[in-house]
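# Descriptive structure summary
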Amino acid sequence: MQSAAFSLSSPSSFPSLKPRIFGSNLRFDPVRVSSSFSASKRHDLSASSNVVSVPSLPKRSWRLSSSSGLPLRAWNSVPSDSKAERFEVRATAAESAGEGEKAGNLMKTLELGLLFGLWYLFNIYFNIYNKQVLKVFHYPVTVTVIQFAVGTVLVALMWTFNLYKRPKITGVQLAAILPLALVHTLGNLFTNMSLGKVAVSFTHTIKAMEPFFSVVLSAMFLGELPTVWVVGSLVPIVGGVALASVTEASFNWAGFWSAMASNLTNQSRNVLSKKVMVKKEDAMDNITLFSIITVMSFILLAPAAIFMEGVKFTPSYLQSAGLNVKEVVVRSLIAALCFHAYQQVSYMILQRVSPVTHSVGNCVKRVVVIVSSVIFFKTPVSPINSLGTGIALAGVFLYSRVKRIKPKAKAA
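In this text, all values refer to a predicted model and were calculated from it rather than measured experimentally.

## A word on the overall build of the protein
Within the protein one finds 13 helices and two strands. Here the protein holds 412 residues, and the buried ones make up 38% of them. Of the contacts formed within the protein by residues at least 6 apart in sequence, a portion of 85% connects residues at least 24 apart. In the structure as shown, the protein presents an accessible area of about 24,300 Å², 64% of it carried by carbon and sulfur atoms.

What follows is the structure, encoded as C-alpha cells:
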C-alpha cells in the first residue's frame, strides 16, 4: 500500500470511521499526515485544527508517521509495556540495590573502625590507670582479682538484663574451659606483676615476643611446623627485644621474667583452645567464652589472693598505708572497667575480621600503648632502646603478614 498525503479538513471526510464498524477482528491502518507538518506541529497535534477527534473509539495507542516513515507517538493514554521501559525499571532496581549494598558496607566499615578505636583507647587507659595503682599499691594479685571481680559483675548484669544471651553450660564444657581459665588467670596476673616492676613500655616490648612462644608451643603440642618465612620473622622480634632489654633504664629481672611468663601462659591459652575444645555442636561464640572464662578466673584467683596477700583492699588498710583511699579506689575501678572492656571489644573484632587482620591490629595497638605510656609517664628512652623496640615491633608486623603463607604440599 503506497503512502498518500491527505489534506485533513473535517471528520466527515473519513467515511470508513463509523460506529457500526467496531469489532474485535477489525484492524485500523495508521493515519499518515502530510510531510509538510513541521516538527513543532507534531509535538502539538492536540492543539492543531487538522487533528481528527473520535471520542467514541476504543482507547488505542495511535502511531502517526509522515510519508518518510518517521514514527511519532501521539496522545497515548494506554500504559506502555515495551522492553525498553521494563529494562529501565530493572536497571533502576539494580541501582537501588547497589546503593543499598554500598551504604551497608560503609556502615560496617565505620562500625569496625569504631571498634578498633575503642580497643586502643580502652587499652591505653587500662595501662595508665593500672600502672598508677600498682606504683602505690604493691599487691598485684589483689589488683588482678579486683579486675576479674568487676568483669564478673558486668557479665552478670549482661546476662540478667538479656543484653547478651545467657548460655547453658554443661559439665563437659566447664571441664574443657577450666584449663583455658587457668592460663588466662596466670597470664593477666603475670602481666600485672611485670607492670608493677618495670615501665609500661618495657613490659609491652617484652610481650612483643608472643609470636615466638606461639610458634614453639604450636610445634610442640599441635605438630604445626612453621614456614621458613615465619621463622625468619622471629629473628627481628627476638633481636629487637634483646636490644631493648639491654638498654632499658627500668630493667629488673622480676619484671622481665613476669612478662615472659605472661607470654608463655597467654600463648598456652591459644594452643589449648585448639587442643582442648568442645564438640562443634556444643561450641560457643567468642564473647560467651570470654565471659565464662572471666567468671571462672575470679573464682580461681580470689582464694589465692586472700591466702597470698590477705585482705588488703580496705579503706582502713589504705589509710594506714598513707594512701588516698578515694583516688586508689577510683583508679582501680577505672582500670578494671577498661580491662574488661578492651578484652570484650577485642573478641567482638575477632568475630568480624580474620585472625591475620586481628593480629595486625594487635601489633598496631602495642605500638600505640608504648608511645602513649612513654609520653604520659615521661619514660626516659635512649635511641638504642627505641631502635630495639622498633625492630621488635616490625618483626611482629612481619610475622602477622607471613603467617598466612602455607607450606607447599609434598608430592606423593
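## Examining the nonpolar core
Soluble globular proteins tend to pack their nonpolar side chains together in the buried interior. By size, the foremost hydrophobic cluster in this structure holds 21 residues, and its most contacted members are Ile206, Met209, Ile237, Met260 and Tyr399. Of all the secondary-structure elements, those providing two or more residues to this core are α5 (200-206), α6 (210-222), α7 (228-246), α8 (253-275), α12 (355-377) and α13 (383-402). Examining the composition of this core, we find that five residues originate from one element, α13, more than from any other. When near neighbours in sequence (up to four residues on either side) are disregarded, Ile206 contacts Val241, Phe256, Ala259, Met260 and Asn263. Within the second largest apolar cluster, 19 residues are counted, among which are Trp119, Val145, Val345 and Val353.

## Let's talk about the pattern of salt bridges
Tallying each qualifying case throughout the model produces four salt bridges. The shortest N-O distance in the salt bridge between Glu111 and Arg352 comes to 3.0 Å. Taken together, the positions of Glu111 in helix α2 (residues 83-136) and Arg352 in the loop between α11 (325-350) and α12 put the pair 241 residues apart, joining distant regions of the chain. When its relative accessible area of 37% is taken as the criterion, Glu111 is described as partly exposed. The salt bridge partner of Glu210 is Arg366, with a shortest N-O separation of 3.6 Å. Of the two residues, Glu210 is situated in helix α6 and Arg366 in helix α12; the sequence distance between them amounts to 156 residues. Across the pair, Arg366 and Glu210 agree in class, each one buried. Taken together, the salt bridges that share partners define one network made up of Lys207, Glu210 and Arg366.

## Concerning unusual backbone geometry
When glycine is set aside, most residues are seen to have a negative phi, and most peptide bonds are trans. Backbone geometry places Asn162, a non-glycine residue, at a positive phi of 55°. Positionally, Asn162 belongs in the loop between α3 (140-160) and α4 (171-197).

Conventions adopted
All residue numbers refer to positions counted from 1 along the written sequence of the respective chain. Per-residue local features are limited, in this predicted model, to residues with pLDDT of at least 70; the limit for side-chain atom pairs, both in listing and counting, is 80 or more; totals at the level of whole chains, interfaces and linings are taken over all residues. The basis for every side-chain value is the complete set of non-hydrogen atoms in the structure, without hydrogens or water. Runs of E in the DSSP output that reach at least two residues are strands. Runs of H or I that reach at least four are helices, and both are numbered from the N terminus. For the exposure calls, accessible area comes from a 1.4 Å probe over protein chains only, and a residue counts as buried if that area is under 20% of its type's maximum, exposed if over 50%, partly exposed in between. In what follows, a contact means two residues having at least one pair of non-hydrogen atoms within 4.5 Å. Here the Shrake-Rupley method, with its probe set to 1.4 Å, supplies the accessible areas, and only the displayed protein chains count as covering residues. Each nonpolar core is a collection of buried residues, namely Ala, Val, Leu, Ile, Met, Phe, Trp, Tyr and Cys, held together in the definition by side-chain atoms within 4.5 Å. When a carboxyl oxygen of Asp or Glu is within 4 Å of a side-chain nitrogen of Lys or Arg, the pair counts as a salt bridge.

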